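Structure at a glance
Chain by chain, the residues run as shown.
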Amino acid sequence: MQRVNGTPLTPVSFILNGVPGLEDKHIWISLPFCSMYIVAMVGNCGLLYLIRYEETLHRPMYFFLAMLSFTDVVMCTSTLPNTLGIFWFNLKEIDFNACLTQMFFIHTFTGMESGVLMLMALDRYVAICYPLRYATILTNPIIANAGFITFMRGVILVIPFSFLTKRLPFCQGNVIPHTYCDHMSVAKISCGNVKINAVYGLMVALLIGGFDIFCITVSYTMILRAVLKLSSADARQKAFGTCTSHICAIVFSYTPAFFSFFAHRFGGHKVPHSLHIIMANIYLLLPPTMNPIVYGVKTKQIWDCVIRLFSGSKDIKSHGI
(Lines give C-alpha, C1' and ligand atoms only; values in the text may rest on other atoms or scores of the structure.)
Protein backbone atom coordinates (compact mmCIF):
# COMPACT_ATOMS: atom_id res chain seq x y z
CA MET A 1 0.00 0.00 0.00
CA GLN A 2 1.39 3.42 -0.92
CA ARG A 3 1.85 5.87 1.95
CA VAL A 4 2.64 9.55 2.44
CA ASN A 5 3.99 10.34 5.94
CA GLY A 6 2.47 7.10 7.20
CA THR A 7 -1.00 7.84 5.74
CA PRO A 8 -2.29 5.33 3.17
CA LEU A 9 -3.00 6.74 -0.28
CA THR A 10 -5.21 3.79 -1.22
CA PRO A 11 -7.24 2.52 1.73
CA VAL A 12 -7.93 -1.18 2.21
CA SER A 13 -11.60 -0.35 2.77
CA PHE A 14 -14.10 2.48 3.07
CA ILE A 15 -16.64 3.20 5.78
CA LEU A 16 -20.15 3.91 4.47
CA ASN A 17 -21.73 6.20 7.03
CA GLY A 18 -25.38 5.70 6.06
CA VAL A 19 -27.55 8.83 6.18
CA PRO A 20 -25.49 11.54 7.92
CA GLY A 21 -27.37 13.28 10.71
CA LEU A 22 -30.08 10.61 10.85
CA GLU A 23 -28.06 7.73 12.31
CA ASP A 24 -30.53 7.34 15.18
CA LYS A 25 -33.37 6.93 12.66
CA HIS A 26 -31.72 4.30 10.47
CA ILE A 27 -34.11 1.58 11.62
CA TRP A 28 -37.16 3.67 10.70
CA ILE A 29 -35.66 4.67 7.35
CA SER A 30 -34.94 1.00 6.61
CA LEU A 31 -38.60 -0.04 6.87
CA PRO A 32 -39.89 1.67 3.69
CA PHE A 33 -36.63 0.84 1.89
CA CYS A 34 -36.96 -2.85 2.76
CA SER A 35 -40.66 -2.89 1.81
CA MET A 36 -39.90 -1.28 -1.57
CA TYR A 37 -37.08 -3.75 -2.20
CA ILE A 38 -39.34 -6.74 -1.51
CA VAL A 39 -42.04 -5.36 -3.83
CA ALA A 40 -39.40 -4.65 -6.51
CA MET A 41 -37.94 -8.16 -6.34
CA VAL A 42 -41.30 -9.96 -6.30
CA GLY A 43 -42.80 -7.75 -9.02
CA ASN A 44 -39.87 -7.79 -11.43
CA CYS A 45 -39.07 -11.49 -10.98
CA GLY A 46 -42.78 -12.18 -11.51
CA LEU A 47 -42.75 -10.18 -14.75
CA LEU A 48 -39.65 -12.03 -15.95
CA TYR A 49 -41.35 -15.34 -15.22
CA LEU A 50 -44.53 -14.39 -17.07
CA ILE A 51 -42.69 -13.05 -20.11
CA ARG A 52 -40.46 -16.13 -20.23
CA TYR A 53 -43.22 -18.73 -20.04
CA GLU A 54 -46.34 -17.07 -21.47
CA GLU A 55 -46.26 -17.27 -25.28
CA THR A 56 -48.81 -14.45 -25.70
CA LEU A 57 -46.17 -12.10 -24.22
CA HIS A 58 -43.48 -13.07 -26.72
CA ARG A 59 -43.69 -9.71 -28.46
CA PRO A 60 -41.21 -6.80 -28.79
CA MET A 61 -42.96 -4.62 -26.19
CA TYR A 62 -42.67 -7.35 -23.55
CA PHE A 63 -39.11 -8.29 -24.48
CA PHE A 64 -38.13 -4.68 -23.78
CA LEU A 65 -40.12 -4.85 -20.54
CA ALA A 66 -38.14 -7.98 -19.60
CA MET A 67 -34.92 -6.01 -20.17
CA LEU A 68 -36.28 -3.26 -17.92
CA SER A 69 -37.24 -5.74 -15.19
CA PHE A 70 -33.84 -7.45 -15.27
CA THR A 71 -32.13 -4.06 -15.11
CA ASP A 72 -34.30 -3.04 -12.15
CA VAL A 73 -33.46 -6.23 -10.25
CA VAL A 74 -29.71 -5.74 -10.69
CA MET A 75 -29.89 -2.00 -10.02
CA CYS A 76 -31.61 -2.20 -6.64
CA THR A 77 -29.82 -5.41 -5.56
CA SER A 78 -26.45 -3.74 -6.11
CA THR A 79 -27.17 -1.36 -3.22
CA LEU A 80 -30.10 -2.35 -0.98
CA PRO A 81 -28.66 -5.45 0.77
CA ASN A 82 -25.58 -3.43 1.65
CA THR A 83 -27.69 -0.44 2.75
CA LEU A 84 -29.87 -2.62 4.97
CA GLY A 85 -26.72 -4.13 6.48
CA ILE A 86 -25.68 -0.60 7.47
CA PHE A 87 -29.08 0.24 8.91
CA TRP A 88 -29.70 -3.02 10.78
CA PHE A 89 -26.30 -4.42 11.75
CA ASN A 90 -23.99 -1.38 11.50
CA LEU A 91 -21.98 -3.17 8.79
CA LYS A 92 -20.39 -0.04 7.41
CA GLU A 93 -17.08 -1.33 6.13
CA ILE A 94 -16.70 -2.17 2.43
CA ASP A 95 -13.54 -3.38 0.70
CA PHE A 96 -11.95 -0.90 -1.71
CA ASN A 97 -12.33 -3.18 -4.74
CA ALA A 98 -15.86 -4.16 -3.67
CA CYS A 99 -16.67 -0.44 -3.56
CA LEU A 100 -15.38 0.00 -7.12
CA THR A 101 -17.40 -3.04 -8.23
CA GLN A 102 -20.57 -1.64 -6.64
CA MET A 103 -19.89 1.69 -8.34
CA PHE A 104 -19.58 -0.06 -11.71
CA PHE A 105 -22.88 -1.94 -11.31
CA ILE A 106 -24.79 1.11 -10.07
CA HIS A 107 -23.76 3.42 -12.89
CA THR A 108 -23.84 0.77 -15.63
CA PHE A 109 -27.38 -0.32 -14.83
CA THR A 110 -28.77 3.17 -14.18
CA GLY A 111 -27.49 3.94 -17.67
CA MET A 112 -29.07 0.70 -18.90
CA GLU A 113 -32.39 1.73 -17.29
CA SER A 114 -32.35 5.00 -19.20
CA GLY A 115 -31.38 3.23 -22.42
CA VAL A 116 -34.17 0.65 -22.16
CA LEU A 117 -36.73 3.40 -21.56
CA MET A 118 -35.45 5.03 -24.76
CA LEU A 119 -35.78 1.72 -26.65
CA MET A 120 -39.33 1.32 -25.33
CA ALA A 121 -40.18 4.80 -26.61
CA LEU A 122 -38.90 3.80 -30.05
CA ASP A 123 -40.97 0.62 -29.78
CA ARG A 124 -44.13 2.67 -29.15
CA TYR A 125 -43.20 4.97 -32.06
CA VAL A 126 -42.90 2.05 -34.49
CA ALA A 127 -46.08 0.39 -33.14
CA ILE A 128 -48.19 3.53 -33.58
CA CYS A 129 -46.64 5.14 -36.65
CA TYR A 130 -45.82 1.96 -38.61
CA PRO A 131 -48.25 -0.68 -37.28
CA LEU A 132 -48.21 -2.82 -40.44
CA ARG A 133 -44.41 -3.04 -40.43
CA TYR A 134 -44.05 -3.43 -36.64
CA ALA A 135 -43.22 -7.15 -36.67
CA THR A 136 -40.78 -6.84 -39.57
CA ILE A 137 -38.93 -3.83 -38.12
CA LEU A 138 -38.62 -5.07 -34.52
CA THR A 139 -37.46 -8.64 -35.09
CA ASN A 140 -35.89 -10.70 -32.30
CA PRO A 141 -32.29 -10.17 -33.59
CA ILE A 142 -32.89 -6.40 -33.74
CA ILE A 143 -34.24 -6.38 -30.18
CA ALA A 144 -31.33 -8.47 -28.88
CA ASN A 145 -28.76 -6.28 -30.64
CA ALA A 146 -30.40 -3.10 -29.36
CA GLY A 147 -30.31 -4.43 -25.80
CA PHE A 148 -26.69 -5.54 -26.13
CA ILE A 149 -25.57 -2.19 -27.58
CA THR A 150 -27.38 -0.33 -24.80
CA PHE A 151 -25.65 -2.47 -22.18
CA MET A 152 -22.21 -2.11 -23.78
CA ARG A 153 -22.67 1.66 -24.03
CA GLY A 154 -23.01 1.76 -20.25
CA VAL A 155 -20.08 -0.60 -19.66
CA ILE A 156 -17.71 1.33 -21.94
CA LEU A 157 -18.63 4.73 -20.48
CA VAL A 158 -18.65 3.61 -16.83
CA ILE A 159 -15.42 1.56 -16.73
CA PRO A 160 -13.26 4.75 -16.61
CA PHE A 161 -14.95 5.67 -13.29
CA SER A 162 -12.98 2.88 -11.60
CA PHE A 163 -9.64 3.99 -13.05
CA LEU A 164 -10.33 7.67 -12.29
CA THR A 165 -11.16 6.74 -8.69
CA LYS A 166 -8.19 4.39 -8.27
CA ARG A 167 -5.73 7.12 -9.21
CA LEU A 168 -6.94 9.39 -6.39
CA PRO A 169 -5.04 9.67 -3.09
CA PHE A 170 -7.19 9.17 0.01
CA CYS A 171 -5.05 10.81 2.67
CA GLN A 172 -7.87 12.54 4.57
CA GLY A 173 -9.75 9.46 5.73
CA ASN A 174 -11.95 6.75 4.28
CA VAL A 175 -15.42 7.65 5.58
CA ILE A 176 -18.02 8.08 2.80
CA PRO A 177 -21.14 10.02 3.89
CA HIS A 178 -23.44 7.77 1.86
CA THR A 179 -25.17 4.38 1.90
CA TYR A 180 -23.40 3.12 -1.22
CA CYS A 181 -20.35 3.81 -3.39
CA ASP A 182 -21.47 6.53 -5.77
CA HIS A 183 -18.69 7.79 -8.05
CA MET A 184 -18.59 11.40 -6.89
CA SER A 185 -19.32 10.57 -3.24
CA VAL A 186 -16.15 8.47 -3.22
CA ALA A 187 -14.13 11.01 -5.21
CA LYS A 188 -15.08 13.92 -2.92
CA ILE A 189 -13.41 12.36 0.14
CA SER A 190 -10.10 12.28 -1.74
CA CYS A 191 -7.38 14.82 -1.04
CA GLY A 192 -6.51 14.93 -4.75
CA ASN A 193 -7.83 16.90 -7.70
CA VAL A 194 -11.27 15.50 -8.63
CA LYS A 195 -11.99 17.94 -11.46
CA ILE A 196 -11.45 15.24 -14.10
CA ASN A 197 -13.86 12.94 -12.23
CA ALA A 198 -16.50 15.66 -12.06
CA VAL A 199 -16.16 16.64 -15.73
CA TYR A 200 -16.18 13.05 -16.94
CA GLY A 201 -19.15 12.20 -14.73
CA LEU A 202 -21.09 15.12 -16.19
CA MET A 203 -20.09 14.10 -19.70
CA VAL A 204 -21.35 10.53 -19.15
CA ALA A 205 -24.63 11.86 -17.73
CA LEU A 206 -25.12 13.98 -20.85
CA LEU A 207 -24.08 11.22 -23.27
CA ILE A 208 -26.44 8.70 -21.72
CA GLY A 209 -29.26 10.65 -20.09
CA GLY A 210 -29.21 13.59 -22.49
CA PHE A 211 -29.20 11.38 -25.59
CA ASP A 212 -31.94 9.10 -24.24
CA ILE A 213 -34.20 11.99 -23.22
CA PHE A 214 -33.74 13.56 -26.66
CA CYS A 215 -34.75 10.29 -28.37
CA ILE A 216 -37.74 9.85 -26.05
CA THR A 217 -38.87 13.42 -26.71
CA VAL A 218 -38.57 13.02 -30.49
CA SER A 219 -40.40 9.66 -30.37
CA TYR A 220 -43.33 11.03 -28.41
CA THR A 221 -43.50 14.15 -30.57
CA MET A 222 -43.90 11.92 -33.62
CA ILE A 223 -46.39 9.70 -31.76
CA LEU A 224 -48.47 12.73 -30.77
CA ARG A 225 -48.54 13.99 -34.34
CA ALA A 226 -49.60 10.58 -35.64
CA VAL A 227 -52.30 10.09 -33.00
CA LEU A 228 -53.82 13.53 -33.51
CA LYS A 229 -54.27 12.71 -37.20
CA LEU A 230 -56.54 9.78 -36.34
CA SER A 231 -60.17 10.57 -37.09
CA SER A 232 -61.69 8.31 -34.43
CA ALA A 233 -61.67 9.39 -30.79
CA ASP A 234 -61.62 5.74 -29.72
CA ALA A 235 -58.58 5.07 -31.91
CA ARG A 236 -56.79 8.08 -30.38
CA GLN A 237 -57.63 6.93 -26.86
CA LYS A 238 -56.46 3.39 -27.59
CA ALA A 239 -53.19 4.64 -29.10
CA PHE A 240 -52.49 6.89 -26.12
CA GLY A 241 -53.46 4.05 -23.78
CA THR A 242 -50.64 1.87 -25.09
CA CYS A 243 -48.16 4.57 -24.00
CA THR A 244 -49.53 5.20 -20.49
CA SER A 245 -47.42 2.59 -18.68
CA HIS A 246 -44.25 3.71 -20.43
CA ILE A 247 -44.88 7.38 -19.62
CA CYS A 248 -45.36 6.45 -15.95
CA ALA A 249 -42.07 4.51 -16.02
CA ILE A 250 -40.31 7.57 -17.46
CA VAL A 251 -41.74 9.81 -14.72
CA PHE A 252 -40.73 7.40 -11.94
CA SER A 253 -37.22 7.05 -13.34
CA TYR A 254 -36.30 10.59 -14.33
CA THR A 255 -38.03 12.64 -11.59
CA PRO A 256 -35.75 11.57 -8.69
CA ALA A 257 -32.79 11.62 -11.10
CA PHE A 258 -33.46 15.24 -12.06
CA PHE A 259 -33.99 16.19 -8.40
CA SER A 260 -30.63 14.69 -7.40
CA PHE A 261 -28.85 16.22 -10.40
CA PHE A 262 -30.11 19.77 -9.89
CA ALA A 263 -30.00 19.66 -6.08
CA HIS A 264 -26.32 18.67 -6.16
CA ARG A 265 -25.37 21.40 -8.61
CA PHE A 266 -27.69 24.29 -7.73
CA GLY A 267 -29.09 23.47 -4.27
CA GLY A 268 -25.94 24.39 -2.44
CA HIS A 269 -26.47 24.21 1.33
CA LYS A 270 -30.22 24.80 0.99
CA VAL A 271 -30.90 21.08 0.55
CA PRO A 272 -29.82 18.97 3.58
CA HIS A 273 -27.22 16.35 2.83
CA SER A 274 -29.42 13.70 4.42
CA LEU A 275 -32.13 14.49 1.85
CA HIS A 276 -29.56 14.08 -0.93
CA ILE A 277 -28.73 10.60 0.34
CA ILE A 278 -32.37 9.55 0.77
CA MET A 279 -33.23 10.77 -2.73
CA ALA A 280 -30.21 8.96 -4.16
CA ASN A 281 -31.59 5.73 -2.67
CA ILE A 282 -35.12 6.46 -3.89
CA TYR A 283 -33.67 7.05 -7.37
CA LEU A 284 -32.47 3.42 -7.36
CA LEU A 285 -35.57 2.02 -5.61
CA LEU A 286 -38.60 3.86 -6.97
CA PRO A 287 -38.45 2.70 -10.63
CA PRO A 288 -37.91 -1.01 -9.75
CA THR A 289 -40.79 -0.80 -7.25
CA MET A 290 -43.30 1.03 -9.41
CA ASN A 291 -42.59 -0.36 -12.89
CA PRO A 292 -44.04 -3.87 -12.30
CA ILE A 293 -47.04 -2.35 -10.48
CA VAL A 294 -47.79 0.09 -13.31
CA TYR A 295 -47.31 -2.46 -16.08
CA GLY A 296 -49.25 -5.09 -14.15
CA VAL A 297 -52.23 -2.78 -13.61
CA LYS A 298 -52.19 -0.89 -16.90
CA THR A 299 -51.36 -3.72 -19.32
CA LYS A 300 -54.34 -6.01 -19.94
CA GLN A 301 -52.28 -8.90 -21.33
CA ILE A 302 -50.06 -9.02 -18.23
CA TRP A 303 -53.06 -8.68 -15.92
CA ASP A 304 -54.81 -11.54 -17.72
CA CYS A 305 -51.70 -13.73 -17.36
CA VAL A 306 -51.48 -12.97 -13.63
CA ILE A 307 -55.14 -13.89 -13.17
CA ARG A 308 -54.68 -17.16 -15.08
CA LEU A 309 -51.56 -17.97 -13.08
CA PHE A 310 -53.23 -17.51 -9.68
CA SER A 311 -56.46 -19.15 -10.79
CA GLY A 312 -54.51 -22.31 -11.64
CA SER A 313 -55.16 -22.15 -15.40
CA LYS A 314 -52.97 -24.33 -17.60
CA ASP A 315 -52.52 -21.56 -20.16
CA ILE A 316 -49.21 -20.68 -18.55
CA LYS A 317 -46.69 -22.91 -20.23
CA SER A 318 -44.93 -25.32 -17.90
CA HIS A 319 -41.57 -25.57 -19.59
CA GLY A 320 -38.54 -26.73 -17.70
CA ILE A 321 -36.12 -24.08 -16.53
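This structure is a prediction, so every number in the text was calculated from the model and none was measured.

Within the protein chain one finds 11 helices and 5 strands. In summary, the protein chain has a C-alpha radius of gyration of 22 Å against a globular reference of 20 Å for 321 residues, a match within 12%. Dimensions along the principal axes, computed over C-alpha positions, put the protein chain at roughly 75 × 40 × 40 Å. The buried share of the protein chain, taken over its 321 residues, is 47%. Look at the contacts in the protein chain between residues 6 or more apart in sequence, and 78% of them connect residues 24 or more apart.

Turning to the UniProt feature "transmembrane region" (unreviewed entry) in the protein chain, a few remarks are in order. The residues that UniProt annotates with the feature "transmembrane region" (unreviewed entry) are residues 27–50, 62–80, 100–122, 142–164, 202–227, 239–263 and 275–294. Between the end C-alpha atoms of residues 142–164 the distance is 34 Å, and the span holds 100% helix and 0% strand. Helix makes up 100% of residues 202–227 and strand 0%, with an end-to-end C-alpha separation of 36 Å.

Moving on: the state of the cysteines. With the rule as written, the count across this model stands at 2 disulfides. Between the sulfur atoms of Cys 99 and its disulfide partner Cys 181 the distance amounts to 2.0 Å. Between Cys 99 and Cys 181, the S-S dihedral sits near -120 degrees, and the bridge is therefore left-handed. Here the residue Cys 99 occupies a position in helix α4 (residues 96–129), and Cys 181 occupies one in the loop between β5 (175–176) and α7 (183–187), the gap between them amounting to 82 residues. Here Cys 99 and Cys 181 have matching classes, each one buried. There is a disulfide in this structure between Cys 171 and Cys 191, and the S-S distance comes to 1.9 Å. On the sign convention where negative means left-handed, the S-S torsion of about 125 degrees between Cys 171 and Cys 191 marks this disulfide as right-handed. Of this pair, Cys 171 sits in the loop between α6 (140–166) and β5 while Cys 191 sits in the loop between α7 and α8 (195–228), placing them 20 residues apart in sequence. Since its relative accessible area comes to 34%, Cys 171 is described here as partly exposed. Sequence-ordered numbering of the disulfide-bonded cysteines in the protein chain gives the connectivity 1-3, 2-4. Unpaired in this structure, Cys 215 has its nearest cysteine sulfur neighbour in Cys 129, at a distance of 15 Å.

This part is about the sheet that holds strand β3 (residues 13–16). If you trace the 3 strands from one edge of the open sheet to the other, you get β4-β3-β5, paired in mixed fashion. On the outer flanks of this sheet lie β4 (93–95) and β5, each paired with one strand and no other. Where β3 lies against β5, 2 bridges are found, and the strand directions are parallel. When the sheet's bridge partners are listed, Ile 15 is paired in β5 with Val 175.

If you look at the biggest cluster of nonpolar residues, it comprises 45 residues, and the most contacted ones within it are Leu 65, Met 120, Ile 216, Tyr 295 and Ile 302. Of all elements in the fold, only α1 (26–53), α2 (60–77), α4, α6, α8, α9 (233–266), α10 (273–298) and α11 (300–310) reach the threshold of two or more residues within this core. With 12 residues, the single largest contributor to this core is α4. Residues Cys 76, Ile 86, Leu 164 and Val 186 belong to the second largest nonpolar core, which totals 36 residues.

Relative to the helices and strands, His 246 is located in helix α9. Given the relative accessible area of 2%, His 246 is considered buried. If sequence neighbours within four positions are ignored, His 246 has contacts with Leu 117, Met 120, Ala 121, Tyr 220 and Tyr 295.

A few words on the packing of α2 against α4. At a minimum axis separation of 9 Å, α2 and α4 run at an interaxial angle of 165 degrees. Regarding the angle of α2 to α4, the classification is roughly antiparallel. α2 and α4 meet at a crossing whose hand is left-handed. Residues Pro 60, Met 61, Phe 64, Leu 65, Met 67, Leu 68, Phe 70, Thr 71, Asp 72, Val 74 and Met 75 of α2 touch α4, and the partners they reach there are Phe 105, Phe 109, Thr 110, Met 112, Glu 113, Val 116, Leu 117, Leu 119, Met 120, Asp 123 and Arg 124. When the residues that make up the contact of α2 with α4 are grouped by side-chain class, the tally is 16 nonpolar, 2 polar and 4 charged.

Once that is clear, we can look at the packing of aromatic side chains. The geometry of two aromatic rings is summed up by the distance between their centres and the angle between their planes. Applying the stated criterion across every chain yields a total of 13 aromatic pairs. Each ring, one from Phe 105 and one from Phe 109, has its centre 6.1 Å from the other, and the planes form 5 degrees; the classification is stacked. Here Phe 105 and its partner Phe 109 are both found in helix α4, 4 residues apart, which amounts to about one turn of the helix. With centroids separated by 5.6 Å and ring planes inclined at 85 degrees, the aromatic side chains of Phe 161 and Tyr 200 adopt a geometry described as edge-to-face. A residue pair is termed long-range when its members are at least 10 positions apart, and Phe 161 in helix α6 and Tyr 200 in helix α8 qualify at 39 residues. Tyr 200 matches Phe 161 in its accessibility class, with the two residues each being buried. An aromatic cluster is present here, built from Phe 70, Phe 104, Phe 105, Phe 109 and Phe 151 joined pairwise through their rings.

Conventions we followed
Residues numbered from 1 in each chain as written. Predicted model: local features only at pLDDT ≥ 70, side-chain atom pairs only at ≥ 80, totals over all residues. Heavy atoms only, no water. Helix = DSSP H or I, 4+ residues; strand = E, 2+ residues; numbered from the N terminus. Rg over C-alpha atoms; globule rule 2.2 N^0.38 Å. Buried < 20%, exposed > 50% of the residue type's maximum accessible area, 1.4 Å probe, protein only. Contact = heavy atoms within 4.5 Å. UniProt positions renumbered as here; feature names shortened; annotations may be inferred. Disulfide = S-S within 2.5 Å. Pairing = 2+ DSSP bridges. Core = buried A, V, L, I, M, F, W, Y, C linked by side-chain atoms within 4.5 Å. Axes fitted to C-alpha atoms, helices over the stretch in contact; angles between N-to-C directions. Parallel < 35°, antiparallel > 145°, perpendicular 65-115°, else oblique. Left-handed = near helix turned anticlockwise from the far one by under 90°. Nonpolar A, V, L, I, M, F, W, Y, C, P; charged D, E, K, R; others polar. Phe/Tyr/Trp six-rings, centres within 6.5 Å; stacked < 30°, edge-to-face > 60°.

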